[in-house]
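If you want the building blocks of each chain, they are given just below.
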Amino acid sequence: MLCEKCKIREANIRYTEVVGGVRTEHNLCSHCAREMDFGHYAAVFDTDYPIGRLLSDLFGLDAEQGESEEAGLEQVVCPTCHTAYSDFVKDSRFGCPDCYRVFDLLMSENIKKIQGSDTHKGKRPRFGHDEGREASGKSEKEKLAASIGLLDSKLKEALAEEEYEQAAAYRDQIRELKERLKENE
Amino acid sequence: MSKWYQDTEAGHDVFTASRVRLVRNLEHYPFPVRLSEADGRELVEKLETGLKDIGAADGREFERIPVGSMDQEAREALKERRVINGAAVSKEGPESLLLSADERVSITLDGEDHIRLQCICGGAGLNELWSEADRLDDYINERFDYAFHEKYGYLTAYPTNVGTGLRAAVTLHLPMLSVGKQFGKLVNEMSRFGVAVRGLYGEGSENYGALYELSNQKTLGMTEEEILSLVQQMAERLAVSERKIKSLTLRNHRLDMEDEVCKSYGVLKYARRLSVKEAMTYLSQVRMGVTEGLLKLSEPVNLYGLMMEIQPANMKLLASEDEKSDIRQARAAYIRKRLPELA
Ligand SMILES: [Zn+2]
Ligand SMILES: [Zn+2]
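Residues numbered from 1 in each chain as written. Chains lettered and ligands numbered in written order. Predicted model: local features only at pLDDT ≥ 70, side-chain atom pairs only at ≥ 80, totals over all residues. Heavy atoms only, no water.

As for the pairing of strand β1 (residues 15-24) of chain B
Residue and element names in this part refer to chain B.
Right, on to step 1. Burial runs high along β1: ten of the ten residues are buried.
Right, on to step 2. Here β1 runs beside strand β8 (residues 166-173); their pairing, made up of seven bridges, is antiparallel. Residue pairing in the sheet places Ser18 in a bridge with Val170 of β8.
Right, on to step 3. Judged from the eight bridges that link them, β1 and strand β5 (residues 115-122) form a sheet pairing that is antiparallel. Paired with Arg19 across the strands is Ile120, a residue of β5. (Buried < 20%, exposed > 50% of the residue type's maximum accessible area, 1.4 Å probe, protein only. Helix = DSSP H or I, 4+ residues; strand = E, 2+ residues; numbered from the N terminus. Pairing = 2+ DSSP bridges.)

Structure follows, in structure tokens:
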């Protein structure tokens, strides 16, 4: 089936939208799905239901992209719960609190897309939360290294696509992480 | 103790129910999907033990319900009464529920997240519900350390809940607005303001009973107060439109409206068999008739509560053994019994 929006590419994303009790099925290509206004999509972010694979494409990689890079990203695994980045892409679901740190740089842009922000405002735990406490100090280094690896491939990707502004942002993030890595040693 | 949906509905019209939900997870534990059966059980026990005195602290009784070992139908009934969500109906493995006697507070343990705390009430009342949830949240947090991230806030299994973990929702009864041609468009446009509207009961593309739930889409980057006031404001906007159409119709087509409402009452009062769809359609009409003063009942009845009770799974629970073979007959009999005479 062709994508209902561009009618050029093959539709590989199907999602069901329920608006006012009316269920509509949409078939889009990954490209158009990503371009879609999230406000419109949002009807499916139904209050309590798991959104399952709906977000896959948004968190994932372009289907048209080379397999080698994809493989590189898929290898990133949360050291605490062993959720691979590819699992996260598939289910749009984290495995444990540490996943947020491990996948942070990979998905922060997308979180921003869904949420319109990437920074929490509002209530904070009133008890027991020890700021900066690490579940496992040992793996902090691993996490940083993993994030740098990811960013590096993102950087290469951006350069290949001639998205220099984006590439510069990745470069800065890598620099920052490397410094943190040094502090950690 | 009566349930929240059995209390009087007097004074409620468009605002049918309000709900506040918080998602929380403990530090140092993977989210439920990554927990082994044994670890899940251990976590549930730990939470249950830690929260065993919540009733005393909260001033009402709580019952512990082992959702994980209940059959689908019993879980479905809890969902119809809005105690648990769809994910909790189908989840495998240990899963537990702490439910207050009035069913106003429910705490799902080891569902999609470690803790899903919900407060619900009839009519309007988001702010009261939030203070209640906030207080209970602190009570839990005093006993368990939460997974919290400086940038992302409260960490949740799904990125759509992260940040405040707060979903504020208002159930609106929109019998007039929802039949308008523009309704679908209106609903779509709500998303531009950061809220979503969805039909609450129905099958396939059909909505039964004209009940819609409006809730915030975003949970990150807004404070709890901002979220509550956004949802409240948008719900009020829809309520104002609904009331406007109602009063216009009342002014210009009063007899038509009265006719429809009274026919609906008649069917409910005399039918011998009712499907969910029929019952919901006529109950919705009767509810509108009562709130608009077109129908005067001899005693108060919570019609929204009745709408929940006649849903398939709850109806089976309420039906006697003999009645179970024909649930539509049981439904008609139950409604005849519950619906008061005209005053
Ligand atoms: Zn397309
Ligand atoms: Zn993890």
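A few points about the confidence of the model for chain A
All names here are of chain A.
Right, on to step 1. With 61% of its residues at a pLDDT of 70 or more, chain A has an overall mean of 70.
Right, on to step 2. Mean pLDDT in chain A bottoms out at helix α2 (residues 38-41), which sits at 41, and peaks at helix α6 (residues 97-102), which reaches 92.
Right, on to step 3. In the model, residues 60-70 has pLDDT below 50 throughout and makes 14 contacts with residues more than four positions away in sequence or in other chains.
Right, on to step 4. Predicted confidence for residues 131-138 stays below pLDDT 50, and this span has eleven contacts to residues more than four positions away or in other chains. (pLDDT = per-residue confidence, 0-100. Contact = heavy atoms within 4.5 Å.)

Digging into the pattern of salt bridges
Right, on to step 1. A full pass over the atoms with the stated rule returns 40 salt bridges over all chains.
Right, on to step 2. In this structure, A:Lys123 and B:Asp138 form a salt bridge, with 3.0 Å as the shortest nitrogen-oxygen distance. Of this pair, A:Lys123 sits in the loop between α7 (104-115) and α8 (139-160) while B:Asp138 sits in helix α5 (residues 126-143), placing the two residues on different chains.
Right, on to step 3. Exposure remark for A:Lys123: the relative accessible area of 6% places this residue in the buried category.
Right, on to step 4. Its relative accessible area of 15% is what places B:Asp138 among the buried residues. (Salt bridge = Lys/Arg side-chain N within 4 Å of Asp/Glu carboxyl O.)

A few points about the sheet that holds strand β2 (residues 62-65) of chain B
All names here are of chain B.
Right, on to step 1. Read across the open sheet, the eight strands follow the order β2-β3-β4-β5-β1-β8-β12-β9; overall the sheet is antiparallel. Pairing within the sheet leaves two strands with one partner each, and these edge strands are β2 and β9 (195-199). Mean inter-strand twist for the sheet, computed between neighbouring axes without regard to direction, equals 20°.
Right, on to step 2. As defined by bridge partners, β2 adjoins strand β3 (residues 96-100) across four bridges and the pair is classed as antiparallel. Paired with Glu63 across the strands is Leu99, a residue of β3.
Right, on to step 3. In the packing of α5 onto the sheet, contacts are made with β1, β4 (105-109), β5 and β8, and the angle to β1 comes to roughly 25°.
Right, on to step 4. Across the sheet, helix α7 (residues 224-270) lies against β1, β8, β9 and β12 (211-216), angled at about 10° from β8, the strand it touches most. (Axes fitted to C-alpha atoms, helices over the stretch in contact; angles between N-to-C directions.)

Overview of the coordination of the zinc ion (ligand 2)
Residues and elements named next belong to chain A.
Right, on to step 1. Listed as protein donors to the zinc ion (ligand 2) are Cys78 (SG), Cys81 (SG), Cys96 (SG) and Cys99 (SG); their distances from the metal cover 2.3 to 2.4 Å.
Right, on to step 2. The site at the zinc ion (ligand 2) holds four donor atoms, and with the angles between them running 97 to 123°, its shape is tetrahedral.
Right, on to step 3. Positions of the donor residues of the zinc ion (ligand 2), expressed as sequence spacing, correspond to C-x2-C-x14-C-x2-C. Within this pair, whereas Cys78 is found in the loop between α4 (67-74) and α5 (85-91), its partner Cys99 is found in helix α6, the two being separated by 21 residues in sequence.
Right, on to step 4. Judged by its relative accessible area of 0%, Cys78 falls in the buried class.
Right, on to step 5. Its relative accessible area of 0% is what places Cys99 among the buried residues. (Donors = N, O, S within 2.8 Å, 3.2 Å for Na, K, Ca; no water. Tetrahedral: all angles 85-135°; square planar, octahedral: opposite > 155°, others 65-115°.)

Observations concerning helix α1 (residues 37-50) of chain B
Right, on to step 1. Here α1(B) contains 14 residues, and its C-alpha end-to-end distance of 20 Å stays within 8% of the 20 Å for a straight helix at 1.5 Å per residue.
Right, on to step 2. Where α1(B) is buried, its residues touch β2, β3, β4 and β5 of chain B. (Expected span 1.5 Å × (residues − 1).)

Considerations on the pairing of β3(B)
All names here are of chain B.
Right, on to step 1. The buried fraction of β3 amounts to five of the five residues, a majority that puts the element mostly inside the structure.
Right, on to step 2. Alternating residues of β3 divide into Ser96, Leu98 and Ser100 and Leu97 and Leu99, and every residue in both groups is buried.
Right, on to step 3. As paired strands, β3 and β4 are joined by four bridges and run antiparallel to one another. Along β4, the bridge assignment pairs Leu97 with Thr108.

Focus: the environment of B:Val67
Residues and elements named next belong to chain B.
Right, on to step 1. Among the structural elements, Val67 can be located in the loop between β2 and α3 (72-80).
Right, on to step 2. For Val67 and Pro30, which are 37 residues apart along the polypeptide, the C-alpha to C-alpha distance reads 20 Å.
Right, on to step 3. With near-sequence residues (within four places) excluded, Val67 lies in contact with Arg75, Leu78, Ile84, Ala88, Glu95, Ser96 and Leu97.

Some words on the side chain of A:Asp104
Right, on to step 1. Topologically, A:Asp104 is positioned in helix α7.
Right, on to step 2. The exposure class of A:Asp104 is buried, given its relative accessible area of 15%.
Right, on to step 3. A distance of 2.7 Å separates the side chain of A:Asp104 from the side chain of B:Tyr152, its partner in a polar contact.
Right, on to step 4. Each residue touching A:Asp104, except ones within four places of it in the same chain, is listed here: A:Cys99, B:Lys151 and B:Tyr152. (Polar contact = N/O pair within 3.5 Å; in protein donor to acceptor, adjacent residues only side chain to side chain.)

Things to note about unusual backbone geometry
For residues that are not glycine, phi is negative in most cases, and the peptide bond is trans in most cases.
Right, on to step 1. A positive phi angle, close to 65°, is found at A:His82, a residue other than glycine.
Right, on to step 2. Position of A:His82 relative to the elements: it lies in the loop between α4 and α5.
Right, on to step 3. We classify A:His82 as exposed; its relative accessible area is 54%.
Right, on to step 4. Non-glycine residue B:Asp110 carries a positive phi angle of around 60°.
Right, on to step 5. Here B:Asp110 is to be found in the loop between β4 and β5.
Right, on to step 6. Using a relative accessible area of 2% as the deciding quantity, one classes B:Asp110 as buried.

Side note on α7(A)
For an α-helix the count is 3.6 residues per turn, leaving residues at separations of three or four pointing the same way.
Right, on to step 1. Within the sequence span of α7(A), burial applies to A:Asp104, A:Leu106, A:Met107, A:Ser108, A:Asn110, A:Ile111, A:Ile114 and A:Gln115.
Right, on to step 2. Phi turns positive one or two residues past the end of α7(A), at A:Gly116, with a value near 75°.

Regarding the interface of chain B and chain A
Right, on to step 1. Across the contact, 69 residues belong to chain B and 57 residues belong to chain A.
Right, on to step 2. Carbon and sulfur atoms supply 53% of the area that chain B and chain A bury against each other, a total of about 5200 Å² over both sides.
Right, on to step 3. In this structure, the connection of chain B to chain A is made through nine salt bridges.
Right, on to step 4. A salt bridge links B:Glu226 to A:Lys121; the nearest nitrogen and oxygen atoms lie 3.4 Å apart.
Right, on to step 5. Summed over the shared surface of chain B and chain A, the result is 25 residue pairs in polar contact (both at pLDDT 80 or more).
Right, on to step 6. Here the element with the most residues in the side of chain B that touches chain A is α5(B); it accounts for six residues.
Right, on to step 7. When grouped by side-chain class, the residues that make up the side of chain B that touches chain A number 24 nonpolar, 23 polar and 22 charged. (Buried area = accessible area lost by both parts, 1.4 Å probe. Nonpolar A, V, L, I, M, F, W, Y, C, P; charged D, E, K, R; others polar.)

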